[in-house]
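Below are the chains, spelled out letter by letter.
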Amino acid sequence: MVVFLYCYRCTRMKHILIANWKMNGLKGDIHNFCTQPFPVDISENIQNKTLILCPPSIYLGLACAHAPENLLIYAQDCSAYEKGAYTGEISVAMLADMGVKGVLLGHSERRIYHGETDARVGKKLAAALTCGLTPVVCIGETREDYESKQTQVFVEAQIAATLDSCDYVSTLHNIVWAYEPRWAIGTGKTPTQEEITTVIQTIRETLEGKTGNPTPHIIYGGSVTAQNAHAISTVPSVHGALIGGASLDKDCLAEIIRQWGSF
């Protein structure tokens, strides 16, 4: 997965575009992505964005070793535990030790296929913050909640349950939130611009109501393609995108970069 994130050390905001490779790609694909340049004609478009690649965990070391300066490497998930007898788990300390800079948490596929709860995501969030990794926390409603017009209620409850599991007040500015409606993942369907605006406003108000501080970055994820990227980018409250299948093709990703607006 490739992600463009806000650079908190910079004086101005950057777009966040996330390309999630999920369980796709082999060693050669990762190497080629990291070493082969994007088309020259999008070089200026990349300047106001932070690009992050999140490959399958087995290739994180390879990606960290070959990533150019303008490409950050993030993990697709992490363990909530510091260390111990947790077969198959990868701790945040291990990720940081390898050079990984951040981690995607609570992706809809983790919730659907692995039964991941808000409480579990909150514990992983706490672990990531403790170790200095930038978390990208995914939240979003199911189709049932969307069709019954319960999206805002669902999202508010998700945020509360997630933050209840970690000490977030002093580190909220280090969290990127991704509105990722579960019903849109892999379906080719996306909410309208008005719906995205409404939900992101709900997310922002909920977070700011809990802390009294502004929320730096909220991005959108869910069937983002080269065909709809520009339309999504024109929603004023959207600071970037979480990109799935469309990011596997570098030319397609380059087109999304072209389509995405500039601050």
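Because the structure is predicted, anything quoted here is derived from the model rather than measured.

Draft legend 1. A look at the overall build of the protein chain. Scanning the protein chain from N- to C-terminus turns up eleven helices and nine strands. Taking the principal axes of its C-alpha atoms as reference, the protein chain extends roughly 45 × 45 × 35 Å. Residue burial in the protein chain is summarised as follows: out of 263 residues, 51% are buried. A separation of at least 24 residues holds for 71% of the contacts in the protein chain among residues at least 6 apart in sequence. Carbon and sulfur atoms make up 51% of the accessible area of the protein chain, which totals about 11,900 Å².

Draft legend 2. A look at the pairing of strand β4 (residues 71-75). Along β4, four of the five residues are buried, which leaves the element largely enclosed by surrounding structure. Taken together, strand β3 (residues 49-54), helix α3 (residues 60-66) and β4 constitute a β-α-β crossover, and its handedness is right-handed. Strand direction decides the pairing type here: β4 and strand β5 (residues 102-105), joined by two bridges, are parallel. What sits directly across from Y74, in β5, is G102. Handedness of the β4-helix α4 (residues 92-98)-β5 crossover: right-handed.

Draft legend 3. Representation of the pattern of salt bridges within the structure. The final tally for this structure, using the stated rule, is eight salt bridges. With a closest N to O distance of 3.6 Å, E116 and R110 form a salt bridge. We classify E116 as buried; its relative accessible area is 10%. Because the salt bridges share partners, they merge into one network encompassing D77, R110, E116 and K124.

Draft legend 4. Fine view of helix α1 (residues 27-35). Where α1 is concerned, the buried positions are I30, F33 and C34. Along the axis of α1, the buried positions cluster into a sector of 95°, meaning they face one direction only.

Draft legend 5. Looking closely at the nonpolar core. Counting 62 residues, the largest nonpolar core has F38, W177, I203 and I243 as the members making the most contacts within it. Counting twelve residues, the second-largest nonpolar core is a separate cluster that includes I52, L104, V136 and C138.

Draft legend 6. The packing of aromatic side chains, seen in detail. Under the counting rule described, the total for this entry stands at five aromatic pairs. Within the aromatic cluster, the residues linked to one another by ring pairs are W21, F33 and F38. Note that K250 overlies the ring of F38, its terminal NZ or CZ placed 4.7 Å from the centroid.

Draft legend 7. Local environment of the packing of helix α6 (residues 118-131) against helix α8 (residues 151-163). Put simply, α6 and α8 touch, their axes get as near as 7 Å, and they point 50° apart. Classified by the interaxial angle, the pair formed by α6 and α8 is oblique. Once α6 is placed against α8, the crossing between them reads as right-handed. Judged by residue contacts, D118, A119, V121, G122 and L125 of α6 engage Q158, A161, T162 and L163 from α8. Looking at the contact of α6 with α8 residue by residue, the classes come out as five nonpolar, three polar and one charged.

Draft legend 8. Quick peek at helix α11 (residues 250-259). Among the residues of α11, those classed as buried are K250, L253, A254, I256 and I257. Buried residues of α11, viewed axially, fall in a sector of 155°; they line one side. Sitting at the head of α11, D249 places a side-chain oxygen 2.8 Å from the backbone nitrogen of D251.

Draft legend 9. Seen up close, unusual backbone geometry. Here the phi dihedral of K22 falls at roughly 50°; this positive angle occurs in a residue that is not glycine. As for its position among the elements, K22 is in the loop between β2 (15-20) and α1. Residue classification places K22 among the partly exposed positions, given a relative accessible area of 21%. Despite not being glycine, S223 shows a phi value in the positive range, around 60°. By the secondary structure assignment, S223 is in the loop between β8 (217-221) and α10 (229-233). According to the relative accessible area criterion, S223 is buried, its value standing at 16%.

Cut-offs used in this document
- Residues numbered from 1 in each chain as written.
- Predicted model: local features only at pLDDT ≥ 70, side-chain atom pairs only at ≥ 80, totals over all residues.
- Heavy atoms only, no water.
- Helix = DSSP H or I, 4+ residues; strand = E, 2+ residues; numbered from the N terminus.
- Buried < 20%, exposed > 50% of the residue type's maximum accessible area, 1.4 Å probe, protein only.
- Contact = heavy atoms within 4.5 Å.
- Areas by Shrake-Rupley, 256 points an atom, 1.4 Å probe, with all protein chains shown as cover.
- Right-handed = clockwise from strand over helix to strand, strands pointing away.
- Pairing = 2+ DSSP bridges.
- Salt bridge = Lys/Arg side-chain N within 4 Å of Asp/Glu carboxyl O.
- Arc of directions from axis to C-beta.
- Core = buried A, V, L, I, M, F, W, Y, C linked by side-chain atoms within 4.5 Å.
- Phe/Tyr/Trp six-rings, centres within 6.5 Å; stacked < 30°, edge-to-face > 60°.
- Lys NZ or Arg CZ within 6 Å of the ring centre and 35° of its normal.
- Axes fitted to C-alpha atoms, helices over the stretch in contact; angles between N-to-C directions.
- Parallel < 35°, antiparallel > 145°, perpendicular 65-115°, else oblique.
- Left-handed = near helix turned anticlockwise from the far one by under 90°.
- Nonpolar A, V, L, I, M, F, W, Y, C, P; charged D, E, K, R; others polar.
- Polar contact = N/O pair within 3.5 Å; in protein donor to acceptor, adjacent residues only side chain to side chain.

By themselves, these figures tell us nothing about what the structure is for.
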